[in-house]
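Here are the chains, one letter per residue:
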Amino acid sequence: MLNDGTYAAWYKTPLEQGTGIVHVADGQIWGRDSLMTYHGSCQVDGDHFTATVSTKRHTEGRDTVFGVYDELTLNIVGTCPGKIATYTATAGQAPGVVLEGTLILTERPVAAPERTAQIPAFNPDKLPKLPKRSR
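Residues numbered from 1 in each chain as written. Predicted model: local features only at pLDDT ≥ 70, side-chain atom pairs only at ≥ 80, totals over all residues. Heavy atoms only, no water.

**Digging into the nonpolar core**
- Ranked by internal contacts, the top residues of the largest apolar core, which has 29 residues, are Leu2, Val22, Phe66, Leu74, Ile76 and Leu103.
- Of all the secondary-structure elements, those providing two or more residues to this core are β1 (5–12), β2 (17–25), β4 (36–45), β5 (48–57), β6 (73–79), β7 (84–91) and β8 (99–105).
- Of all the elements, β7 adds the most residues to this core, at 4 residues. (Core = buried A, V, L, I, M, F, W, Y, C linked by side-chain atoms within 4.5 Å. Buried < 20%, exposed > 50% of the residue type's maximum accessible area, 1.4 Å probe, protein only. Helix = DSSP H or I, 4+ residues; strand = E, 2+ residues; numbered from the N terminus.)

In structure tokens form, the structure reads like this:
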């Protein structure tokens, strides 16, 4: 199931590949990469999901993974049986170009347990001594 959260995104087309960050919450999906921002809506049905996402270029430079297209509407279909989702996307503006992608749920690190014992004060006199060398 595609849960609400932040995902690392990896995607590719026959033209190019890229990475980005995607957020999912309350039926909305949004994110960005080095060239584009994206936002839209998603529907989850068990392990399957669909989304419609609009993209917009925020940085000039190289071509996007869809080529020269700066503003697209992506139709996304995917599955997410656990913490990793796979999907494909197409855009009417780029006929014949199929994007394949992976979303990996980012988990917050588990907090380290609090120390119950007191750490002894540093005492340099307790460090091992090196043997004396003759000069």
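**So, the pattern of salt bridges**
- Scanning all chains against the criterion turns up 3 salt bridges.
- Among the ionic pairs, glutamate 100 bridges to lysine 12, the shortest N-O distance being 3.9 Å. Highlighted residues: glutamate 100 in strand β8 and lysine 12 in strand β1, separated in sequence by 88 residues.
- Lysine 83 is the partner of glutamate 107 in a salt bridge, and the nearest nitrogen-oxygen pair spans 2.4 Å. (Salt bridge = Lys/Arg side-chain N within 4 Å of Asp/Glu carboxyl O.)

**Some thoughts on the pairing of β7**
- Residue alternation in β7 divides its side chains into a buried set, Ala85, Tyr87, Ala89 and Ala91, and an unburied set, Ile84, Thr86, Thr88 and Thr90.
- Bridge analysis of β6 against β7 gives 6 bridges, and the strand direction is antiparallel. Across the sheet, threonine 79 pairs through a bridge with threonine 86, a residue of β7.
- Linking β6 to β7, which pair antiparallel, is a turn of 4 residues.
- Looking at chain direction, β7 and β8 are connected through 6 bridges and run antiparallel. Paired with threonine 88 across the two strands is glutamate 100, which belongs to β8. (Pairing = 2+ DSSP bridges.)

**Points about the sheet that holds strand β3 (residues 28–33)**
- Taken together, the 8 strands give a closed barrel; going around it, the order is β1-β2-β3-β4-β5-β6-β7-β8, and neighbouring strands pair in antiparallel fashion. Each neighbouring strand pair of the sheet contributes to a mean axis angle of 30°, computed without reference to strand direction. (Axes fitted to C-alpha atoms, helices over the stretch in contact; angles between N-to-C directions.)

**A word on the side chain of threonine 55**
- Within the fold, threonine 55 resides in strand β5.
- Ignoring anything within four residues of it in the chain, the contact list for threonine 55 reads Met36, Thr37, Tyr38, Asp70, Glu71, Leu72 and Leu74. (Contact = heavy atoms within 4.5 Å.)

**What to know about the side chain of threonine 102**
- Positionally, threonine 102 belongs in strand β8.
- Residue classification places threonine 102 among the buried residues on the basis of a relative accessible area of 19%.
- Sequence-distant contacts of threonine 102, defined by excluding residues within four places in its chain, comprise Ala8, Ala9, Trp10, Ile84, Ala85, Thr86 and Tyr87.

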